[in-house]
Each structure stands twice: as structure tokens, then as C-alpha cells.
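Structural description and commentary
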Amino acid sequence: RKEVEQDPGPFNVPEGATVAFNCTYSNSASQSFFWYRQDCRKEPKLLMSVYSSGNEDGRFTAQLNRASQYISLLIRDSKLSDSATYLCVVNMRGAGGTSYGKLTFGQGTILTVHP
Amino acid sequence: NAGVTQTPKFRVLKTGQSMTLLCAQDMNHEYMYWYRQDPGMGLRLIHYSVGEGTTAKGEVPDGYNVSRLKKQNFLLGLESAAPSQTSVYFCASSRGTGLIYGELFFGEGSRLTVL
């Protein structure tokens, strides 16, 4: 089983739609969680961190469910400019219980928003 | 305001050749990472470093070596390149690993082709 798993999609939605992505992780001791966005042939960039209580940034809402070991990203009122690959990232301990620092990515979920 | 700089940006190698990718960051970050990205695979962690003089293995370390002799530099070496190492390589750095300081700052990527 992969340490971090995402539904690769692709998700094709019309402008204005609401879309949600999930990401599951295998290590219950994982420390912190993030969502990144990657445009075609570009480097990933941070979209938002995921706080235990859930957090919102404009049209984007992130949730963490530690009991079920998943994080989610909700995008409301989708825009054409939201088309990208969305990557979840989980911070885990390294082998042998070494310090946190092993930032592991899911394989990404492709979103295409069409007119 | 350079951030994270990777060199070279493009390289073509023959099977069996060796090379080194250089990553330099000017943000005084403790943590540095090397990832590779292949179609449909997301970003996979090769090696990472939690501070000067330290390195640790990620998900796919075989065939690669790294060194972090100076805090600002993280080198990725391919001792004997193989076609399976054809990929886009991303270097990243972060101040920490938690929600506040765990943001990864990426270089623009290095495209490596092994013939």
C-alpha cells in the first residue's frame, strides 16, 4: 500500500461547480498535512496547510480526519484558472523513528474546469 | 531573490555515465529534498536532509547518492545512469516541517534523459 494515495482523476467539471478531492495516508503518526497545486510543466506550489480543525481560504476548504486517516480539499465555484494537478503532502517520521522531515506526496489529482 | 536554484536544467546522458545535480537555496532553510516526477507517479522522494551534514533515504533512493556538506547546497549524484532514471528532478527546501514553517519551496526542475 502506498503511504499517501489520491484518486488520480481526471476530474472534468464546468465553471461554477463544486469539486472535492480526498487523500488517504497510511502512517497514523503523521505530523502535518498540506495541499499543493502544480500547473503543467511547472514546480508545485503550496495551496494551503491543513489544520486539525479544518480551515478555509476563499473558495478552498481543507479538512483533516485523523481517525480515518484522510485529508480533503473542497473547491467551490470553480474557475477556469483552477485547472491544475492537486497534490496532497504528508509529513512523516523517517525510518527508525528519526525526526520528521519525510515529506511524501500523493500521485496527484488532475482537475480540468471547462466553460 | 533566487530562492531555490537547480543546475543544470536539462541534460542528456548515455547509459553508464555519471552526473551530479546541484541544488542551492539562499533562504537559510534546514530541510532540503530531492524528488523525481514521472507521468502518473506524482513526486517521489529520493533523499532528504534535515540539516547540514545529514542525509536520509526517501522512497526511491536506489541508484542515487546525496551530500549536504554546506547548509545551502544539496547535491544529487547518479553514479551509473540508467534509462529508468529518465525523469524530471525537483529540489525543494523548507524552514521546518510543521504547519507554520513546513512550506516547500521548489526549484524549477531538471529534465534528465538517459539514452
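Look up a bit, the structure's there.
Note that this is a predicted model, so its numbers are computed, not measured.

1. Topic: the overall build of chain B
- Within chain B one finds 0 helices and 11 strands.
- The order of helices and strands in chain B, counted from the N terminus, is β-β-β-β-β-β-β-β-β-β-β.
- Taking 13 Å as the expected radius of gyration for a compact globule of 115 residues, we find that chain B reaches 13 Å, a close match to that expectation.
- By principal-axis analysis of the C-alpha atoms, chain B measures approximately 40 × 30 × 30 Å.
- Across the 115 residues that make up chain B, the buried fraction comes to 49%.
- Pairs at least 24 residues apart make up 54% of the contacts formed inside chain B by residues separated by at least 6 positions.
- Carbon and sulfur atoms make up 52% of the accessible area of chain B, which totals about 5400 Å².

2. Notes on the pattern of salt bridges
- With the rule as written, the count across this model stands at 7 salt bridges over all chains.
- Note that Asp77 of chain A is salt-bridged to Lys79 of chain A, the shortest N-O span being 2.9 Å.
- What makes Lys79 of chain A partly exposed here is its relative accessible area of 32%.
- A single salt-bridge network, built from bridges that share partners, covers Arg36, Asp38 and Arg44 of chain B.

3. Side note on the interface of chain A and chain B
- Between chain A and chain B, the residue contacts involve 28 residues of the former and 24 residues of the latter.
- In total, chain A and chain B occlude about 2000 Å² of area from one another, counting both sides; carbon and sulfur atoms represent 58% of this.
- There are 0 salt bridges connecting chain A and chain B.
- At the junction of chain A with chain B, the criterion picks out 6 residue pairs in polar contact (both at pLDDT 80 or more).
- Among the elements of the structure, β4 (32–38), β5 (45–49), β9 (84–93) and β10 (100–105) of chain A are those that each provide at least two residues to the side of chain A that touches chain B.

4. A word on the side chain of Ser93 of chain B
- Examined against the element boundaries, Ser93 of chain B turns out to sit in strand β9 (residues 87–94).
- Within the structure, the side chain of Ser93 of chain B is placed 2.8 Å from the side chain of His29 of chain B, a separation counted as a polar contact.

Conventions and cut-offs
- Residues numbered from 1 in each chain as written.
- Chains lettered and ligands numbered in written order.
- Predicted model: local features only at pLDDT ≥ 70, side-chain atom pairs only at ≥ 80, totals over all residues.
- Heavy atoms only, no water.
- Helix = DSSP H or I, 4+ residues; strand = E, 2+ residues; numbered from the N terminus.
- Rg over C-alpha atoms; globule rule 2.2 N^0.38 Å.
- Buried < 20%, exposed > 50% of the residue type's maximum accessible area, 1.4 Å probe, protein only.
- Contact = heavy atoms within 4.5 Å.
- Areas by Shrake-Rupley, 256 points an atom, 1.4 Å probe, with all protein chains shown as cover.
- Salt bridge = Lys/Arg side-chain N within 4 Å of Asp/Glu carboxyl O.
- Buried area = accessible area lost by both parts, 1.4 Å probe.
- Polar contact = N/O pair within 3.5 Å; in protein donor to acceptor, adjacent residues only side chain to side chain.

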